[in-house]
Structures are given as structure tokens and as C-alpha cells.
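Below, each chain spelled out in residue letters.
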Amino acid sequence: MILCALWCAGPGNWPLWRQLMSLPELQGGRLPLLASCMGLGIAGVLAALLAPLAWPRLVKPLLSFALLCTAGAAHFMGSYGVVLDTTMMVNVLQTDAREVRDLLGLPLLLSFTFLALLPMLWLWRRPLARPGLWRGLTRNVAMFVGGLAVAAGLIYATFADFSSLMRNHTTLRYMISPINGWYSFTRALVDERSTRRDEPPAPAGRDAALAARRAGTPPPLLVLVVGETARADHFSLNGYGRPTNPGLSKLPVVSFTDVTSCGTSTAASLPCMFSLLGREGFQSLKQPQENLLDVLQHAGLAVLWLDNQSGCKGLCNRVHNAMASDLPVGAPPLPSQLCKADGECLDMALLHGLDERLAQLPADQRERGVVLVLHQMGSHGPAYFLRSPPNAKPFQPECTNTALQHCDPQALVNAYDNSIAYTDQVLTALTGWLQQRTQAWTPGLLYVSDHGESLGENNLYLHGLPYGMAPRAQKHVPMVAWWPRATEAATGLSLDCLRQRRDEALSHDHLSHSVLGWMQVQTSAYRPELDIFKSCRKP
């Protein structure tokens, strides 16, 4: 057990040691002593954690489990620069088979082989001692106490350097493997189970009602597109030097340039951005609460969530919802090039059969108005190259490796930018579909991404870093609004006015209240100061 703890603390924590070696304040003679003390301290804590279960029938499976956890954590932290905090573990719990498939590859196999499988082969070939009950209990207690004593003594000996390091570089505490991974996973599991209650969520906006609509005006149809992993600074609408928005740039859209996300992952951002409480209020919630979709439905509107990803994280459970690959009755079959056999589809599938989907909504709600939410696959990594079809890849060459650290940096950006360009193609097609339906509807489009993405800057990839330490690339998201002239005439909403506000500092906090304002929903839950459309609605 001691050898296993030392292996996990040493080679198994190579991302931690690499990070320590990069810190300027540890250059010189301080690094070897501090790293040695930290490594032995980690080994001591790990041995103490494993000691209570170190009985003959359990010890080999237990140590194998520790080795596998260590190898997995080392691979993802070392390869992508992520850390295993509670939010990341929520993502792990909510992932699906398709997302896992994108992460598989030779580098992962090599990590598990060297860090876990080879030590496990040695471990399972070793003879197993079978001490008596009291001798085994004494040994386990001694190992538990001794491990904690070693860790406490080493921390005490280097306390000044250690405390300063943990205070100034908080990322390091999330990189201690596998201890932090187990802690974060347990917290995520407890938090998830605590929210799965039989009682309904706390009510919100139950007093919602619709303002009177001008006579002869068609009902409103707002399409809210929730993007995935899109960075605002890779939208040419926002000044990016590459033509990633060739379609939208020809339309009178408004692209907001300074929008900050609620979180750095889908699991964190999606529920937060549909809350009416804002980021701070949402984080302080003690129990689930009804969200924007519920309030829209309370007002009598028809609400449909259409998903092309791993689900709505519980947001759409009480409204009409469907997967893009599940076609409504009467819709023509999806073109074969849009979807794979496993059900994963390109985002253009979201637009397939929309008329049939709207026709299936309750007629009385549909007459009052419709909010259609399209949840994209967007730029979901690390397989960016799969997010755009072969005939829509303007930027070449393209990285086709999910081990992003092995990609040529420009090829990686090319693959990501191709996914952004394909999102532009989807949004442009959606505006065309809406433009053709102004006789039956008063349409509008609002697009906003859930979070951003790191593309190798400072050796960081993907997303999901703790919010306070995440780079701007993971929190700076695009938001785009558009509606046709007929809508402007019917509602008084001025795109020209809105364009003058495009550089204001906004956040996901504004989303729910802006949607309520656009749909003219009156409720005590509505906060007009967070409605970006309010000041641009003419009488």
C-alpha cells in the first residue's frame, strides 16, 4: 500500500509537478525541498485514506481503483489543463457516451498503461499476506495514524512556503490526485442527489401574464439558440480577423461584444442562465426553483426545447421537449449526411421539421406566442472537426486529433473556427426560415453561447476551470440578436437603437429578463434593468 501511495503521489501527480516547476517563485533551491515534502505528504494522506479498507479481500481491488483514478486524472489534467473541481465532476456525472467517445484515443491508453495497468500487473502478481484480525486491525490503524502524522509533520515543516503557494495559486489544490478528485466527485454526487427531490421546484413568476397585443399583429415567435463552447473573440462580427460569420455579416444583426457567462461549463451555465435570479442569486439557492421556461408557460405561451446535445440539465422537464434526431409526425426524413447511426447530428438538423413541431404545440398556447429553444452541439470539443460537415470547412488544414496538445496550434484553431463558421451557417438559415413566416408570426432570433473555450493559451484546453481562476476565453461569450423589419414595425423594437448598446458590459444575468421583455410577459419576477431590449422599444 505504501508503494502504491508513493507511485500515485509521484508519477501519478506529474501535472502537479509540472505546474510547480513553472512557478517563478520556486525557481532555484526551494523547489526540490517543497516538492519532496508535498509528494510525501500526499502519499501519507492517501495511505491514511486507504488504510481503513486495507483488508485481504479488498486491498488489491482498492489499490487498483486508486491507480486507475490517478491515471485518468493525470491524463485529463496534463493533456487539457483542466482541474477536477466539483463543477467538473458534475460534468462527468452528466456526460453521455458520445462525449466520452470523443475523449478516447492513444494518449489516454498510454496514460492508463504506464500509470495504472503496469503497476496493477505487478500488484496482482504479488503474494497477499493474511494477518489475523487483531494484527490486521493494528496494522491498519498504525498506517492511518502514521500517514496523517507524516503529512502533518511535512506540512508543518514547510508551512510558510506551502500556505503561500496554496493561497497564491489556488489551481494547485485542485490538482492533487487522486485525493481531490475523490473529494470533488463525492461533493458533486451529494449535491446532485440532494436536488433530486420528489417535491416540485420552488415557484417563480406564477403571476405571469401577457401584455395586450396590437390588433391584427401575428403572435410572437422567439427562437432562442443556446450555443455551445463559442468564444466571442472568434466571431468576425466582433472584430475577429477571420471570416467566421460570412452569412450573419450580411444581415442587420446586432452582435454584443462584451457578454460574460454564468459559468465555464454547460452544467454550471445552462441552469444559471435560465434562472431569473442572476449568477449570485442562483449560486445561493438552497433548493431548485422554476426557471424562465416555466414563467413563459405560466404566462400562457407555448414553449418547446429542441436539443442536439446531452440534454437540458432538467430545465425543460416541465415544458414540451424533444431531441433533434426524433422527428415529429409528418416531417420528411432527415438527410443522411446530417446524422450518424449513433444519433449524433449536425446542428442543421435542429431546423428540420420546425413547422411540424410548431403545429404539434397546443393551439391555445400557440396563438398567444411561442418560445422555441434550440440547444446546439455548436463547438463542443475536443472533436471540433466533427462539428462541421466536410463541405463547410473554409479553414485548412484542420486538426482531427482529440489529443489537442498534439495538434498544430493553427490547425487546432482552424478546426474550431470551422465549427463557428458552421454555426453562422445554421443561424443564417434560421433567419431565412423566420423571414418567410412573417405572415403567421412576429418572429425574432436571439443567440447566446453557454460558455467559451481555451484553445491552448497558457497550455489550457477545453473549459471548466473554477470560475474565479478561469481565463476570459472561457467566460467571454457571443450574443447576437436579429428580427425582420415586419417585427420592428409590429413591436417597436429597434435594432438600430440596440446596435448603439452593443459594446455595453452584459452577462447571462440579462438573458431571462430580456426574453420576458421581448415576449411582453408581465410578472413580479421581471427586472426591467436587466432587459436589454426595454430601452429600445418604441411606444
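Residues numbered from 1 in each chain as written. Predicted model: local features only at pLDDT ≥ 70, side-chain atom pairs only at ≥ 80, totals over all residues. Heavy atoms only, no water.

Caption draft 1: Structural detail: the state of the cysteines. Using the criterion set out here, one finds five disulfides in the structure. Two residues share a disulfide in this structure: C339 and C345, whose sulfurs sit 2.0 Å from each other. In this structure the cystine formed by C339 and C345 twists about its S-S bond by roughly 105°; its chirality is therefore right-handed. Paired by a disulfide, C399 and C407 hold their sulfur atoms 1.9 Å apart. For C399, a relative accessible area of 8% translates into the label buried. (Disulfide = S-S within 2.5 Å. Buried < 20%, exposed > 50% of the residue type's maximum accessible area, 1.4 Å probe, protein only.)

Caption draft 2: Region of the structure containing the sheet that holds strand β2 (residues 220-227). The eight strands are arranged β5-β4-β6-β2-β7-β10-β3-β11 in an open sheet whose pairing can be described as mixed. If you trace the sheet from one side to the other, it starts and ends with β5 (320-323) and β11 (506-507), each paired once. Pairing analysis gives four bridges linking strand β7 (residues 442-449) to strand β10 (residues 476-482), with the strands arranged antiparallel. Residue pairing across strands places V448 opposite M479, the latter belonging to β10. On the sheet, helix α16 (residues 409-435) packs against β2, β6 (370-375), β7 and β10 and is oriented at approximately 165° with respect to β7. (Pairing = 2+ DSSP bridges. Helix = DSSP H or I, 4+ residues; strand = E, 2+ residues; numbered from the N terminus. Contact = heavy atoms within 4.5 Å. Axes fitted to C-alpha atoms, helices over the stretch in contact; angles between N-to-C directions.)

Caption draft 3: Geometry of the layout of surface pockets. Estimates place the volume of the second largest pocket at around 1000 Å³. Around the second largest pocket sit 43 residues that line it, and F76, M88, N91, V92 and L103 are the ones nearest its centre. Of all the secondary structure elements, the ones that give two or more residues to the lining of the second largest pocket are α4 (56-80), α5 (86-94), α6 (97-103), α7 (106-125), α10 (179-195) and α11 (266-273). Element by element, the count of residues in the lining of the second largest pocket is highest for α4, at eight residues. (1 Å grid on protein atoms, 1.4 Å probe; cavity = no way out; pocket = protein on both sides within 12 Å on 5 of 7 lines; lining within 4 Å. Points joined across faces, edges and corners; volume = space filled by probe spheres on them.)

Caption draft 4: Inspection of unusual backbone geometry at higher detail. In the segment running from G381 into P382, the intervening peptide bond is cis, with an omega of 5°. Counting through the fold element by element, P382 comes out in the loop between β6 and α16. Backbone geometry places T229, a non-glycine residue, at a positive phi of 65°. Mapped onto the secondary structure, T229 falls in the loop between β2 and β3 (254-260). One non-glycine residue, K313, adopts positive backbone phi at about 55°.

Caption draft 5: Quick look at the pattern of salt bridges. For the coordinates displayed, the defined rule picks out 14 salt bridges. Across the pair D233 and R231 runs a salt bridge, and its minimum N-O distance is 2.9 Å. Exposure remark for R231: the relative accessible area of 5% places this residue in the buried category. Sharing partners across several salt bridges, the network here consists of R231, D233 and E457. (Salt bridge = Lys/Arg side-chain N within 4 Å of Asp/Glu carboxyl O.)

Caption draft 6: Up close: the environment of D347. Note that D347 resides in the loop between β5 and α14 (354-359). Overall, the relative accessible area of 3% leaves D347 in the buried class. Not counting the four nearest positions on each side in its chain, D347 is found in contact with N308, Q376, M377, G378, Y422 and V426. Among the polar contacts listed, one links the side chain of D347 to the side chain of Q376, at a separation of 3.2 Å. (Polar contact = N/O pair within 3.5 Å; in protein donor to acceptor, adjacent residues only side chain to side chain.)

Caption draft 7: Focus on α16. Taking 1.5 Å of rise per residue, 27 residues should cover 39 Å, and α16 covers 39 Å from first to last C-alpha, within 8% of that figure. Counting buried residues along α16, 20 of its 27 residues qualify, which places the element largely inside the surrounding structure. N-capping of α16 is provided by D408, with a side-chain oxygen placed 3.1 Å from the backbone N of Q410. (Expected span 1.5 Å × (residues − 1).)

Caption draft 8: Spotlight on the pairing of strand β4 (residues 302-307). Of all the six residues making up β4, six are buried; the element is thus mostly covered by neighbouring parts of the structure. Residues A302, L304 and L306 of β4 are buried on one face, and the alternating residues V303, W305 and D307, pointing to the opposite face, are buried as well. Across six bridges, the pairing between β4 and β6 is parallel. In the sheet register, L304 faces β6, and the bridge partner there is L372. Two strands pair when backbone bridges link them, and β4 and β5 are joined in this way by four bridges, in the parallel orientation. Bridge pairing in β5 links D307 to M323.

Caption draft 9: Molecular detail of the nonpolar core. Membership of the largest hydrophobic core comes to 100 residues, with the highest contact counts inside it found for L20, M38, L165, V223, L374 and L430. In terms of residues, this core owes the most to one element, α16, which gives 11 residues. What L430 contacts, discounting residues up to four positions off in sequence, is V223, V225, L351, L354, L374 and L445. The next biggest cluster of nonpolar side chains, apart from the first, holds 47 residues, and it includes A204, V226, V259 and L446. (Core = buried A, V, L, I, M, F, W, Y, C linked by side-chain atoms within 4.5 Å.)

Caption draft 10: Structural context of the environment of L40. Looking at the secondary structure, you find L40 in helix α3 (residues 30-50). You can call L40 partly exposed: its relative accessible area is 43%. C-alpha separation for the pair L40 and P528, spaced 488 residues apart in sequence, amounts to 56 Å. If sequence neighbours within four positions are ignored, L40 has contacts with L6, V150 and L154.

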